[in-house]
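# Structural overview
Here are the chains, one letter per residue:
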Amino acid sequence: MLQDKFGRRWSQSSLLFIEGLLLVVISLFANHAKDDYASMWGVTGLCLITKLLNSSSHYIVYLQEVELFPTPIRNTGTGFVYFVALVLGIPGSYVTHMGNYDKKVPYIFMASLSCVGSIAASFLPETLGCHLPETLQSASDYGRNQKYFSWKTQKRTHSDPEL
């Protein structure tokens, strides 16, 4: 799979960025005429591809949250991630309702969220091939030696002193 070959961080970041670009393209054709079936099917097809990209990036989020939180607070951290996702989803119905005035608005809003998420995901430490942090101290030191533009980390064993 993508995250096992290229790493979690850049897979998620690139999926979110491509999703944002597709949403911008969709917003260009969103206000099509009701009898323009080519634009209608084009928007529908691009929306389906965008949904696939979104679901794939959420799968990587679930992998990363389990790998980033240390063992003592893994359940609490996972619950907090879901709580934040629910709170950020509250304005979703209002953004969708803005589509009654201009069909571009929901797509532009989601594209901006995808691009912000892509930038934020790029700052997470890479977890591919690393062992899980077991203490709060090891979690705070996790990824400290990784460079920003590193592609994927080297596989480490439990006997390695460096995280």
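Residues numbered from 1 in each chain as written. Predicted model: local features only at pLDDT ≥ 70, side-chain atom pairs only at ≥ 80, totals over all residues. Heavy atoms only, no water.

Moving on to the overall build of the chain. Broken down by element type, the chain carries 7 helices and 0 strands. Scored against the burial criterion, the 163 residues of the chain give a buried share of 31%. Of all intrachain contacts in the chain linking residues separated by at least 6 positions in sequence, the fraction that spans at least 24 positions is 75%. Accessible surface, the chain as shown: approximately 10500 Å² in total, 69% of it carbon and sulfur. (Helix = DSSP H or I, 4+ residues; strand = E, 2+ residues; numbered from the N terminus. Buried < 20%, exposed > 50% of the residue type's maximum accessible area, 1.4 Å probe, protein only. Contact = heavy atoms within 4.5 Å. Areas by Shrake-Rupley, 256 points an atom, 1.4 Å probe, with all protein chains shown as cover.)

A few words on the pattern of salt bridges. Under the definition given, this model contains 1 salt bridge. The residue Arg8 makes a salt bridge to Glu67 at a minimum N-O spacing of 3.0 Å. Of this pair, Arg8 sits in helix α2 (residues 8-29) while Glu67 is found in helix α3 (residues 37-68), placing the two residues 59 residues apart along the sequence. Residues Arg8 and Glu67 agree in their burial class; the two are buried. (Salt bridge = Lys/Arg side-chain N within 4 Å of Asp/Glu carboxyl O.)

With that out of the way, let us pick up the packing of α2 against α3. At their nearest, the axes of α2 and α3 sit 9 Å apart, and the two run at 155° to each other. By the angle between their axes, α2 is roughly antiparallel relative to α3. By crossing handedness, the relation of α2 to α3 is classed as left-handed. Of the residues assigned to the contact of α2 with α3, the class counts are 16 nonpolar, 7 polar and 4 charged. (Axes fitted to C-alpha atoms, helices over the stretch in contact; angles between N-to-C directions. Parallel < 35°, antiparallel > 145°, perpendicular 65-115°, else oblique. Left-handed = near helix turned anticlockwise from the far one by under 90°. Nonpolar A, V, L, I, M, F, W, Y, C, P; charged D, E, K, R; others polar.)

Tracing the backbone shows Gln64 in helix α3. Those residues within four positions of Gln64 in sequence are excluded, and the remaining contacts are Arg8, Arg9, Gln12, Leu124, Pro125 and Thr127.

Relative to each other, α2 and helix α6 (residues 104-121) sit at 160°, their axes nearing to 8 Å. Between α2 and α6, the crossing angle belongs to the class labelled roughly antiparallel. When you trace α2 past α6, the crossing you get is left-handed. Here Arg9, Gln12, Ser13, Leu16, Phe17, Glu19, Gly20, Leu23, Val24, Ile26 and Ser27 of α2 lie close against α6, whose contacting residues are Lys104, Tyr107, Ile108, Met110, Ala111, Ser114, Cys115, Gly117, Ser118 and Ala121.

Moving on, we get to helix α4 (residues 74-88). Between the first and last C-alpha of α4 there are 21 Å, a value that for 15 residues agrees with the 21 Å anticipated at 1.5 Å per step. On the buried face of α4, the contacting elements are α3. (Expected span 1.5 Å × (residues − 1).)

Another aspect to go through is the side chain of Glu126. Positionally, Glu126 belongs in the loop between α6 and α7 (136-141). One polar contact links the side chain of Glu126 to the main-chain amide nitrogen of Arg8, over a distance of 2.8 Å. Among the polar contacts made by the side chain of Glu126, one reaches the main-chain amide nitrogen of Arg9 at a distance of 3.2 Å. (Polar contact = N/O pair within 3.5 Å; in protein donor to acceptor, adjacent residues only side chain to side chain.)

In this structure, Leu23, Ile26, Ala30, Val43, Tyr107 and Ala111 together form the largest nonpolar core, which totals 6 residues. At the level of elements, α2 and α6 are the ones that each hand at least two residues to this core. Those residues in contact with Val43 that sit more than four places away from it in its chain are Ile26, Phe29, Ala30, His32 and Tyr107. (Core = buried A, V, L, I, M, F, W, Y, C linked by side-chain atoms within 4.5 Å.)

Our next topic: the environment of Gln146. In this structure, Gln146 sits in the segment after α7. Here Gln146 falls in the partly exposed class, since its relative accessible area comes to 21%. As a C-alpha pair, Gln146 and Glu126 span 20 residues in sequence and 7.9 Å in three-dimensional space.

Taken as a whole and assessed by the stated rule, the structure comprises 2 aromatic pairs. Relative to Tyr82, the ring of Tyr62 lies with its centre 6.0 Å away and its plane at 50°, an arrangement referred to as tilted. Here Tyr62 is found in helix α3, whereas its partner Tyr82 is found in helix α4, with 20 residues between them in sequence. By relative accessible area, Tyr62 is classed as partly exposed at 40%. Residues Phe80 and Phe83 carry aromatic rings whose centres are separated by 6.5 Å and whose planes lie at 35° to one another, so their mutual orientation is tilted. Within this pair, Phe80 and its partner Phe83 are both found in helix α4, separated by 3 residues, close to a single helical turn. With respect to class, Phe80 is no different from Phe83; both count as exposed. (Phe/Tyr/Trp six-rings, centres within 6.5 Å; stacked < 30°, edge-to-face > 60°.)

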